[in-house]
Amino acid sequence: MNMTTNTRIWNALHNEAANSALVKSVLQETTLATEHCDRCVNGPDGSDRVLDIIRSAKLNTSQEAAILSCLETRNSHHEDSVKLIWGPPGTGKTKTVATLLFCLLKLKCKTVVCAPTNTAIVEVALRLLSLFKETCEPQHSTYGLGNIVLSGNRDRMGIKEDGVLLDVFLDERVGKLANLFSPYSGWKQRLDSLIKFLENTEAKYEKYVHLLEEKKEAADKKKQETKEILTFGEFVKKTFERVSEELEKDMILTFGEFVKKTFDSLSEELEKDMVDLYTHLPKSFISLKQVKSMVAARQAFQRVRYFLEENYNREDFKKGSFKFECFNRVISSDCLQALRLLPGRFEVSDMLENKDTKNFCLQNADIIFCTASAAADMNPIRTGPIDLLVVDEAAQLKECESVAALQLYGLRHAVLIGDELQLPAMVHNEICEKAKFGRSLFERLVILGHSKHLLNVQYRMHPSISRFPNREFYDGRITDAANVQETIYQKRFLQGNMFGSFSFINVGRGNEEFGDGHSPKNMVEVAVISEIISNLFKVSSEKRMKISVGVVSPYKGQVRAIQEKTKSKYGSLSGDLFTLNVRSVDGFQGGEEDIIIISTVRSNGNGKVGFLNNRQRANVALTRARHCLWVVGNETTLALSGSIWAKLISESRTRKCFFDATEEKNLRDAMNDALLEDVSSSFGSLSIRNGLGRRNAW
């Protein structure tokens, strides 16, 4: 068991020296001090820049209002505050958070961004980088990323060698800066080397030839002095060395070849340095003017490379020739002039020699991404004072786990984004669950009556899918965006399909089984779902349609059974047209697919549905589909449960979206085969338990 997170939580809860002002303010009986402050200036500083960003993001009214409200928060200097942004499924929560962070970056507001998991924090970091790239200049598209830092474990965050996250990943940045500002072989030394080479290329070539000749003379002298009788092995070795030396002598580079090879090597290395400089240095240490000089130098490199490519192997490209004079003019009037405008030193170099590079990166960043537990490492020495804390997926973060982030040095304002009506943090211990150990600070504040800003337009689900969860969980307060109305995709896909966008498929003949780990499964439902997937795959292939399918079940036993049934045919499919994703409800939170099939599993005569009764889990399951949502289950069991699933069955009947699997031949045959297999398995089990003679009697 990895105890790192729990150790951080324990230390944060017992850190008497930590900044507890915001924690005390948040947990006081009255929530007045954590909400809107009329005494503070309305509207953020740099409002023109912020409004331009918000307009270009094409947000809806509720998203814009949420961002402006959060930006106003940072202007409050006399009271601590916490803002709650309530983001139901599909309401553009991540886009809203990314736009907020982009505004904070432009305002140079020192912000720590946390999330419960590495996956979640990487997702929001990617969205910010995407927004950043959309607005930057193509000639220097990474300039300004030095003000963004992603801190964490590379493997757990899934950061690849060629991934965009490398431009902001802390460990990668530390390595780049160490290379750039090495006192013996850094940026300044490489810049000087290229300038000196271009200032006198003929002298460098003459030195190159002279060194090779000296080496040859030394080798010849050594051979004259060595006259001993050689063994066969020594003879072979000496002969090989002699032939190699002769080849090397014969392959002495011409002047053009030497210049091209040396220039390519030095300029490519320096060009990489330039990109690393304006990517990884904070903007306060490298100006836009300096960046433009680097862009000009890179363009000059391209012109020199073009000239050399065209002329390096010409016989008349040598000292004193017309081509050589042309080359010198290109170098002196273009490339050398551009190189001499580049800064040889940056003020940062002295700082990096005297202090930890990680501290330098964190102290000079405006946006710092990390998991909530990793915020415990963000001490005053490393980061300096923090202006604002933004917690994404806040409703999935244990309340105790948020303490480390809330204690950040200098912190007085926080923004929590989440939805307490979806699944909270997973708690595996029954005692802890009863003690509400998994409850989030977001949920606690909602219970205390803290106001929350609702994102009220959903962009994911077709209206026929969103209708039930919207009414059941959100009192009908969520509206459907124009993009989720019936599309060409749906018309094409649903044509001739017996199931609509929303359907309940009654499979009343299966029996729930409790396998390893006491997790139930229902093999008749597995058979029906497998048949449905087969039909979807056929439609995808015949119509050349892209279809992504997600199969969701609350029970791990059922997830495993469906995976085993389908992996032989679809497990290796990850092509352009058809994709299949089978996961638990908890594993699907935050995900979405074109078509979602829910397997409810439970099948008994007394209406017992176990933790299927959990409303938060039901909310997540019912809100993952974009175009089609099909629920597979036992009508009788679910109707008797008195749970939300009973309401769903009633809804499906009212809307004429109720189907009996036995009425469709392929599904009926699949169910019968599964039942026969189940009976055969039961008989086989009985015969084994009763001995070989009894088995023969069967």
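Residues numbered from 1 in each chain as written. Predicted model: local features only at pLDDT ≥ 70, side-chain atom pairs only at ≥ 80, totals over all residues. Heavy atoms only, no water.

### As for the overall build of the protein chain
Then comes step 1: Check the secondary structure of the protein chain and you find 30 helices and 17 strands.
Then comes step 2: Within the protein chain, the proportion of its 698 residues that are buried is 50%.
Then comes step 3: Put simply, 79% of the contacts in the protein chain that link residues at least 6 apart link residues at least 24 apart.
Then comes step 4: With the model as given, the accessible surface of the protein chain reaches about 34400 Å², and the carbon-plus-sulfur share is 51%. (Helix = DSSP H or I, 4+ residues; strand = E, 2+ residues; numbered from the N terminus. Buried < 20%, exposed > 50% of the residue type's maximum accessible area, 1.4 Å probe, protein only. Contact = heavy atoms within 4.5 Å. Areas by Shrake-Rupley, 256 points an atom, 1.4 Å probe, with all protein chains shown as cover.)

### A word on the sheet that holds strand E3 (residues 148-150)
Then comes step 1: Here we have seven strands laid out as an open sheet, ordered E3-E4-E2-E5-E6-E1-E7, and parallel in their pairing. The two strands at the open ends of the sheet, each matched to only one other strand, are E3 and strand E7 (453-454).
Then comes step 2: In terms of strand pairing, strand E1 (residues 81-86) meets strand E6 (residues 413-418) through six bridges, oriented parallel. Bridge pairing in E6 places Ile85 opposite Ile417.
Then comes step 3: Helix H5 (residues 93-106) rests against strand E2 (111-115), E3, strand E4 (367-371), strand E5 (388-391) and E6 of the sheet, and its axis sits at about 165 degrees to E5.
Then comes step 4: Against the sheet, helix H6 (residues 118-135) touches E2, E3 and E4, its axis set at about 155 degrees to E4. (Pairing = 2+ DSSP bridges. Axes fitted to C-alpha atoms, helices over the stretch in contact; angles between N-to-C directions.)

### Quick look at the side chain of Asn311
Then comes step 1: You can see Asn311 is positioned in helix H13 (residues 288-311).
Then comes step 2: Residues within four places of Asn311 in sequence aside, it is in contact with Phe317 and Lys323.

### Some thoughts on the packing of helix H21 (residues 463-474) against helix H28 (residues 644-654)
Then comes step 1: The contact between H21 and H28 brings their axes to 11 Å, and the two run at 140 degrees. Between H21 and H28, the angle falls in the class oblique. Crossing handedness for the pair H21 and H28: right-handed. Of H28, the residues touching H21 (which contributes Arg467, Phe468, Arg471, Glu472 and Phe473) are Ile644, Lys647, Leu648 and Glu651.
Then comes step 2: When grouped by side-chain class, the residues that make up the contact of H21 with H28 number four nonpolar, no polar and five charged. (Parallel < 35°, antiparallel > 145°, perpendicular 65-115°, else oblique. Left-handed = near helix turned anticlockwise from the far one by under 90°. Nonpolar A, V, L, I, M, F, W, Y, C, P; charged D, E, K, R; others polar.)

### Some thoughts on the side chain of Ser293
Then comes step 1: By the secondary structure assignment, Ser293 is in helix H13.
Then comes step 2: Ser293 gets classed as buried once you look at its relative accessible area, which sits at 18%.

### Section: the nonpolar core
Then comes step 1: With 82 residues, the main nonpolar core has Leu281, Leu339 and Leu389 as its most contacted residues.
Then comes step 2: Leaving out residues up to four positions away in the same chain, Leu389 has contacts with Val112, Cys114, Ala405, Leu406, Leu408, Leu411, His413, Ala414 and Val415.
Then comes step 3: Listed in part, the 47 residues of the second largest apolar core include Ile53, Ala57, Leu104 and Leu388. (Core = buried A, V, L, I, M, F, W, Y, C linked by side-chain atoms within 4.5 Å.)

### Quick word on the sheet that holds strand E10 (residues 502-506)
Where strands meet in a sheet, backbone hydrogen bonds hold them as pairs that are either parallel or antiparallel.
Then comes step 1: Strand order in the open sheet formed by six strands is E14-E13-E15-E16-E10-E17, and the pairing between neighbours is parallel. The sheet terminates laterally at strand E14 (578-584) and strand E17 (658-660), the two strands that pair on one side only. Neighbour-to-neighbour, the strand axes of this sheet turn through a mean angle of 20 degrees, independent of strand direction.
Then comes step 2: Each of E10 and strand E16 (625-633) is contacted by H21, which is oriented at about 60 degrees to E16, the strand it contacts most.

### Some details on the packing of aromatic side chains
Then comes step 1: The tally for this structure, following the rule as stated, stands at 20 aromatic pairs.
Then comes step 2: On the numbers, 5.9 Å between centres and 85 degrees between planes, the contact of Phe263 with Phe301 is edge-to-face. Of the two residues, Phe263 is situated in helix H12 (residues 255-280) and Phe301 in helix H13; the sequence distance between them amounts to 38 residues.
Then comes step 3: When its relative accessible area of 0% is taken as the criterion, Phe263 is described as buried.
Then comes step 4: In this structure Phe301 comes out as buried when scored by relative accessible area, which is 0%. (Phe/Tyr/Trp six-rings, centres within 6.5 Å; stacked < 30°, edge-to-face > 60°.)

### Observations concerning the pairing of E2
Then comes step 1: Buried residues dominate E2, accounting for five of its five residues.
Then comes step 2: Sheet topology note: the E2/E4 ladder contains five bridges and is parallel. Within E4, the position partnered with Ala115 by the bridge is Thr371.
Then comes step 3: Across four bridges, E2 lies against E5 in parallel orientation. In the sheet register, Val112 faces E5, and the bridge partner there is Leu389.

### Observations regarding the packing of H5 against H6
Then comes step 1: The N-to-C vectors of H5 and H6 enclose an angle of 60 degrees; their axes lie 9 Å apart at closest approach. In terms of orientation, H5 lies oblique with respect to H6. The hand of the H5/H6 crossing is right-handed. Counted together, Thr94, Lys95, Val97, Ala98, Thr99, Leu101, Phe102 and Leu105 of H5 and Glu123, Val124, Arg127, Leu128, Leu131, Phe132 and Thr135 of H6 form the full contact between these two elements.
Then comes step 2: Among the residues forming the contact of H5 with H6, the class breakdown is nine nonpolar, three polar and three charged.

### Points about the environment of Arg340
Then comes step 1: Mapped onto the fold, Arg340 is located in helix H14 (residues 322-340).
Then comes step 2: Counting along the chain gives 47 residues from Arg340 to Ser293, while the straight-line C-alpha distance between them is 9.6 Å.
Then comes step 3: At a separation of 2.8 Å, a polar atom in the side chain of Arg340 contacts the side chain of Glu199. (Polar contact = N/O pair within 3.5 Å; in protein donor to acceptor, adjacent residues only side chain to side chain.)

### Observations regarding unusual backbone geometry
Then comes step 1: Positive phi values are uncommon outside glycine, yet Asp475 reaches one of about 55 degrees.
Then comes step 2: With respect to the helices and strands, the residue Asp475 is situated in the loop between H21 and strand E9 (479-480).
Then comes step 3: Residue Val601 is not a glycine yet carries a positive backbone phi of 75 degrees.
Then comes step 4: Within the element layout of this structure, Val601 appears in the loop between strand E15 (593-599) and helix H26 (615-622).

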